[in-house]
Amino acid sequence: MLQLDTLRESLKYEGGISRRWFMAYGAALASIPWMNRAALAQTRPRFDTNPFSLGIASGDPDSSSVVLWTRLAPKPLEPFGGMSKEPVQVSWVLADDDNMRNVVAKGTAIATPQLGHSVHVEVHGLKPDRWYWYRFRVGDVESPLGRTRTLPSADAVKDELKFAFASCQHFETGYYTAYQHMAENDLDLIFHLGDYIYEGGGRKDQVRQHIGSEIHSLNDYRVRHAQYRGDPQLQRAHSNCPWFVTWDDHEVSNNYAGEISAKENVDTAEFLLRRANAYQAYYENMPLRRRSLPTGPHMELYRSASFGQLAEFQILDTRQYRSDQPNGDRRSPLNEEALNPRNSLLGAKQRDWLQASLLQSQGTWNILAQQVMMGLVGFTKDSDPLSYSMDQWPGYAAERIALMQFMADRRIPNPIVLTGDIHSNWVNDLRVDDRNQETEIVATEFVGTSISSGGKGIDRREGHDQLLSQNPFIRFQNTQRGYVRCRVTPAEWRSDYLVVDDVTVADGKTSTRASFVVEAGQAGAKLV
């Protein structure tokens, strides 16, 4: 294993990190053997406790395949999940009925210690637009039953898509009541937009408590994921339909930007070691395809998905490739530093991919599933000038304005932006530059609140009228907890804002706080 001091000396040149080092370091840190390990794997392991304690999940579906996931962890909060260092053979089966009588695919996978005994089965050759049921088996133990589906073929004309999106599920500050309600809906898909875990140490007098101090090592991140994954409501939502996931900052460290830690006096090499640990643990615990397997501190997560000709999703990564936040990452005016065209949230490669994907899209609706608020929302106290969050798109305003201009000039059909991060609900009608309300609306942004981060949450009215008057593109803003449920048809997009009255108790009540629609071909959200 390469030593940190050696990395510091050999990697840095002119204040940066070389591409050659990225490749060499990745090979040294995260070379995972993918060859057939069946001859070495345990085929009849015995367990004193349930090895499927972290549940099962599916994700990243397309029209002919889907990923089935589990991770063996009989003692999930102990190092290595209570597993030995040997690989283990896990069998899986997939059927097109919930009685599991009509089996359409089955096989075995090897859960290796190098990947935390996680399993990522890519099942191919499936029929499009079909529901399937699946389960795993290891030794004499059978997993719970899961339900998943494939997406319609690219040329399919679909009448309806139903999905939900969520983010920010701080384990300590609340229960996952929203997931309980989400699982009771007949959803096709769930999107998670980041902050699946939080990296901070355990705090007393919380609803629940993190194990240990702030996490840094691979084992730290594995245990933290396991603590979150053990929640029964989260497990139920995962087993009910396939998920598309992406991350924000807390999967690694608060407000990090690319290779740069937000904490002072942390050098690049040290932070990239931490990022590599976090990225590997994230892959191990998510239903992701092998193409997302991390190489050291690098992991390709941005990707596309289409629901026939009805909807095209572009799933973005606004953390890994971004430049450092301007103005010291403080709320600031949209000054010269914030408007610097060199600032990038996406990075050049991802930005080019996104533009090409939008140009090639055949979808009636074109959706960006991403992390931080795109609306140029200004905040002020008294007569102070408006200030903006530099960690969100306003800190990268030139790139954001250029992206809106691209969609306006190319007449991208019906753009919708889905956002998490901010622990509150928003509906924003986006223009090329939101400060100029005389121009046409280009897209509508639906911002979902947190599942639990921030605690109980209230429907706060203080300062609300001032916020809306200073930012007239905001159609709705609310500070309760919950999630957003969407129903999409060729004629209309509908977003229902579901809120939980109290996430600090286990039996909170969920209700619809507001609903908005966007009509196809007519930009702008309308309250219904």
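Residues numbered from 1 in each chain as written. Predicted model: local features only at pLDDT ≥ 70, side-chain atom pairs only at ≥ 80, totals over all residues. Heavy atoms only, no water.

### Section: the overall build of the protein chain
No. 1: Helices and strands together make up the secondary structure of the protein chain, namely nine helices and 24 strands.
No. 2: Taken over C-alpha atoms, the radius of gyration comes to 23 Å for the protein chain, in line with the 24 Å a tight globule of 528 residues would show.
No. 3: Referenced to the eigenvectors of the C-alpha coordinate spread, the extents of the protein chain come out at roughly 70 × 55 × 50 Å.
No. 4: Burial statistics for the protein chain: of 528 residues in total, 58% are counted as buried.
No. 5: A separation of at least 24 residues holds for 71% of the contacts in the protein chain among residues at least 6 apart in sequence. (Helix = DSSP H or I, 4+ residues; strand = E, 2+ residues; numbered from the N terminus. Rg over C-alpha atoms; globule rule 2.2 N^0.38 Å. Buried < 20%, exposed > 50% of the residue type's maximum accessible area, 1.4 Å probe, protein only. Contact = heavy atoms within 4.5 Å.)

### Remarks on the pattern of salt bridges
No. 1: In total, this model carries 30 salt bridges according to the counting rule given.
No. 2: Between D62 and R289 there is a salt bridge, with its nearest N and O atoms 3.6 Å apart. With D62 in the loop between β3 (56–59) and β4 (66–71) and R289 in the loop between α6 (268–284) and β14 (303–307), the pair connects residues that are 227 residues apart, well separated along the chain.
No. 3: On the basis of relative accessible area, R289 is assigned to the buried category, the value being 5%.
No. 4: Here R274 and E214 are joined by a salt bridge, their closest N and O atoms 3.0 Å apart. In this pair, R274 is assigned in helix α6 and E214 in the loop between β12 (189–192) and α4 (218–229), connecting sequence segments 60 residues apart.
No. 5: Given a relative accessible area of 7%, R274 falls into the buried group.
No. 6: The partly exposed category is assigned to E214, whose relative accessible area is 24%.
No. 7: Via salt bridges that share partners, D248, D249, R319, R322 and D391 belong to a single interconnected network. (Salt bridge = Lys/Arg side-chain N within 4 Å of Asp/Glu carboxyl O.)

### Let's talk about the pairing of strand β23 (residues 510–519)
For a regular strand, side-chain orientation follows a simple rule: the groups alternate between the two sheet faces.
No. 1: Pairing of strand β22 (residues 492–500) with β23 involves nine bridges; the strand directions are antiparallel. The residue bridging S495 from the neighbouring strand is F516, located in β23.
No. 2: One ladder, built from three bridges, connects β23 with strand β24 (residues 522–527); its direction is antiparallel. Within β24, the position partnered with V517 by the bridge is K526.
No. 3: Linking two consecutive strands that pair antiparallel, namely β23 and β24, is a turn of two residues; a positive phi of about 85 degrees is found at G521 within it. (Pairing = 2+ DSSP bridges.)

### Overview of unusual backbone geometry
No. 1: At N327, a residue that is not glycine, the phi angle is positive and equals roughly 55 degrees.
No. 2: In this fold, N327 is placed in the loop between β15 (311–315) and α7 (348–360).
No. 3: In this structure N327 comes out as buried when scored by relative accessible area, which is 8%.
No. 4: Although it is not a glycine, D329 adopts a positive phi angle of roughly 60 degrees.
No. 5: As for its placement among the helices and strands, D329 is situated in the loop between β15 and α7.
No. 6: On the basis of relative accessible area, D329 is assigned to the partly exposed category, the value being 25%.

### Looking at the nonpolar core
No. 1: Counting 42 residues, the largest nonpolar core has Y179 and M182 as its most contacted members.
No. 2: Sorting the residues of this core by element identifies β11 (161–166), α3 (177–183), α4, α5 (232–240), β13 (243–245), α6 and β22 as the ones contributing at least two each.
No. 3: When residues of this core are assigned to their parent elements, the largest contribution, six residues, is made by α6.
No. 4: When sequence neighbours within four positions are dropped, the list of residues in contact with M182 reads A164, A166, L187, I190, I451 and Y483.
No. 5: Judged by nonpolar contacts, the second largest core, of 31 residues, contains L193, L310, A311 and A514. (Core = buried A, V, L, I, M, F, W, Y, C linked by side-chain atoms within 4.5 Å.)

### So, the confidence of the model for the protein chain
No. 1: Of the residues in the protein chain, 93% reach a pLDDT of 70 or more, and the chain-wide mean stands at 93.
No. 2: The low-confidence segment residues 10–15, where pLDDT is below 50, has ten contacts with residues more than four positions distant or belonging to other chains.
No. 3: Confidence drops under pLDDT 50 across residues 27–36; counting only partners more than four residues distant or on other chains, this segment forms 18 contacts. (pLDDT = per-residue confidence, 0-100.)

### Quick look at the packing of α4 against α6
No. 1: Across the interface, α4 lies against α6 with an axial gap of 8 Å and an inter-helix angle of 35 degrees. As for how α4 packs across α6, the hand of that crossing is right-handed. Contacts between α4 and α6 pair L218, Y221, R222 and H225 from the former with R274, N277, A278, Q280, A281, Y282 and E284 from the latter.
No. 2: Residues of the contact of α4 with α6, tallied by class, amount to five nonpolar, three polar and three charged. (Axes fitted to C-alpha atoms, helices over the stretch in contact; angles between N-to-C directions. Left-handed = near helix turned anticlockwise from the far one by under 90°. Nonpolar A, V, L, I, M, F, W, Y, C, P; charged D, E, K, R; others polar.)

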